[in-house]
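# Close look at the chain arrangement
Single-letter residue listing:
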Amino acid sequence: MLGGIFSGKKLNLEVDIHSHLLPGIDDGVKSFDEAIEILQSFQSFGYRKIITTPHIYPEVYPNTPEIIREKFAVLQKKARSYGLSLELDYAAEYFMDQHFLTAVKSGDEILSFGEGHVLVETPFYTKPMIFDEVMFELKARGFKPVFAHPERYQYLEKDLSWLRSLHQQDIKLQVNLPSLEGAYGEAPRKIAKKLINESLVSFFGSDIHRAEQLGLLRRATQQKISKNTSQNNELP
């Protein structure tokens with residue numbers, strides 16, 4: 001199951017679609033040893049597949065598919081040397097700016113997961129004016145946009161109607177599991193729960209950056225949810 005489904009009482013998670021486990025290229029883990037520690041914990045939690053998604057944000061984290069592939073190859077080799085049975089893959093978390101829009105329009109390589117899903121984030125305080133254009137261009141190229149952690153954006157705290165409209169447009173919403181434990185504050189926790197209760201959540205992700213977050217993540221995976229989501233996608 002992609003990103004997790006509800007089993008009726010608690011989350012049943014098998015695949016994590018959002019993590020930062022490639023050291024030295026964004027604000028994620030600091031070393032491969034830390035990445036391995038996190039992967040070992042994911043395996044003990046019952047996950048079967050982890051998709052790591054480094055930031056691509058040219059003004060802050062100027063990563064490229066080549067940089068990500070090179071780092072991922074090292075991580076995969078180390079994971080095998082530790083005997084981990086987890087399936088590993090990579091994509092990216094794209095920051096929505098003019099650079100990204102230009103890349104999509106130009107036909108540049110866009111890293112995706114599953115059947116063409118592309119993880120996209122926005123600034124936390126302001127909705128980008130190019131949002132609709134980016135989503136249109138992604139869809140025009142056959143991609144399936146996934147809006148990362150909408151519960152965390154302050155510009156959405158007072159009105160969720162726009163998120164409801166995105167769901168109707170088949171733009172997937174991905175909630176961070178730590179939000180359910182209040183990791184980012186009370187407002188994101190409430191919004192995450194509301195999105196879940198309205199069956200608007202398609203995917204869950206850990207968005208893990210540090211081994212110190214593992215305890216919080218484990219508690220989040222034990223959350224009991226009273227209402228099902230509409231999430232029923234599967235990865236090949």
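An account of the accompanying structure is given in this report.

Cut-off values and rules
- Residues numbered from 1 in each chain as written.
- Predicted model: local features only at pLDDT ≥ 70, side-chain atom pairs only at ≥ 80, totals over all residues.
- Heavy atoms only, no water.
- Phe/Tyr/Trp six-rings, centres within 6.5 Å; stacked < 30°, edge-to-face > 60°.
- Buried < 20%, exposed > 50% of the residue type's maximum accessible area, 1.4 Å probe, protein only.
- Lys NZ or Arg CZ within 6 Å of the ring centre and 35° of its normal.
- Salt bridge = Lys/Arg side-chain N within 4 Å of Asp/Glu carboxyl O.
- Helix = DSSP H or I, 4+ residues; strand = E, 2+ residues; numbered from the N terminus.
- Axes fitted to C-alpha atoms, helices over the stretch in contact; angles between N-to-C directions.
- Parallel < 35°, antiparallel > 145°, perpendicular 65-115°, else oblique.
- Left-handed = near helix turned anticlockwise from the far one by under 90°.
- Contact = heavy atoms within 4.5 Å.
- Nonpolar A, V, L, I, M, F, W, Y, C, P; charged D, E, K, R; others polar.
- Pairing = 2+ DSSP bridges.

### Overview of the packing of aromatic side chains
- Evaluation of the coordinates by the stated rule reveals 13 aromatic pairs.
- For the ring pair Y94 and F100, a centre distance of 4.8 Å and an interplane angle of 20° mean the geometry is stacked. Like Y94, the residue F100 is buried in the burial classification.
- Put simply, the rings of F124, F131, F147, Y153, Y155 and W162 pair up and form one aromatic cluster.
- Sitting over the ring of Y184, R152 keeps its end group 3.9 Å from the ring centre.

### Let's talk about the pattern of salt bridges
- By the definition in use, this model includes twelve salt bridges.
- Salt-bridge contacts for E87 lead to K49; the nearest nitrogen and oxygen are separated by 3.3 Å. Taken together, the residues E87 in strand β6 (residues 87-90) and K49 in strand β4 (residues 49-52) connect sequence positions 38 residues apart.
- Overall, E87 belongs to the partly exposed group, its relative accessible area being 37%.
- Its relative accessible area of 6% is what places K49 among the buried residues.
- R219 serves as the salt-bridge partner of E181, at 3.7 Å between the closest nitrogen and oxygen. Linking E181 in the loop between β10 (172-176) and α6 (186-197) with R219 in helix α7 (residues 214-221), this pair joins segments that are 38 residues apart in sequence.
- When its relative accessible area of 30% is taken as the criterion, E181 is described as partly exposed.
- You can call R219 partly exposed: its relative accessible area is 47%.

### Some words on the packing of helix α3 (residues 98-106) against helix α4 (residues 131-140)
- Running from N to C, α3 and α4 point in directions that differ by 25°, and their axes come no closer than 9 Å. When the axis of α3 is compared with that of α4, the two are roughly parallel. With respect to the hand of their crossing, α3 and α4 are arranged in left-handed fashion. Every residue of α4 that contacts α3 at F100, L101, V104 and K105 is listed here: E133, V134, E137 and L138.
- Residue composition of the contact of α3 with α4, grouped by class: five nonpolar, no polar and three charged.

### As for the sheet that holds strand β3 (residues 15-16)
- As summarised here, the arrangement of the three strands in space is β3-β4-β6, forming an open sheet in which the pairing is parallel. The sheet is open, and its two borders are formed by β3 and β6, each paired with just one other strand.
- When β3 meets β4, the two strands line up parallel, connected through two bridges. Paired with V15 across the bridge in β4 is K49.
- Where helix α2 (residues 65-81) meets the sheet, its contacts fall on β4 and β6, and the angle it forms with β6 comes to roughly 170°.

Remember that the coordinates give geometry; whether it matters functionally is a separate question.
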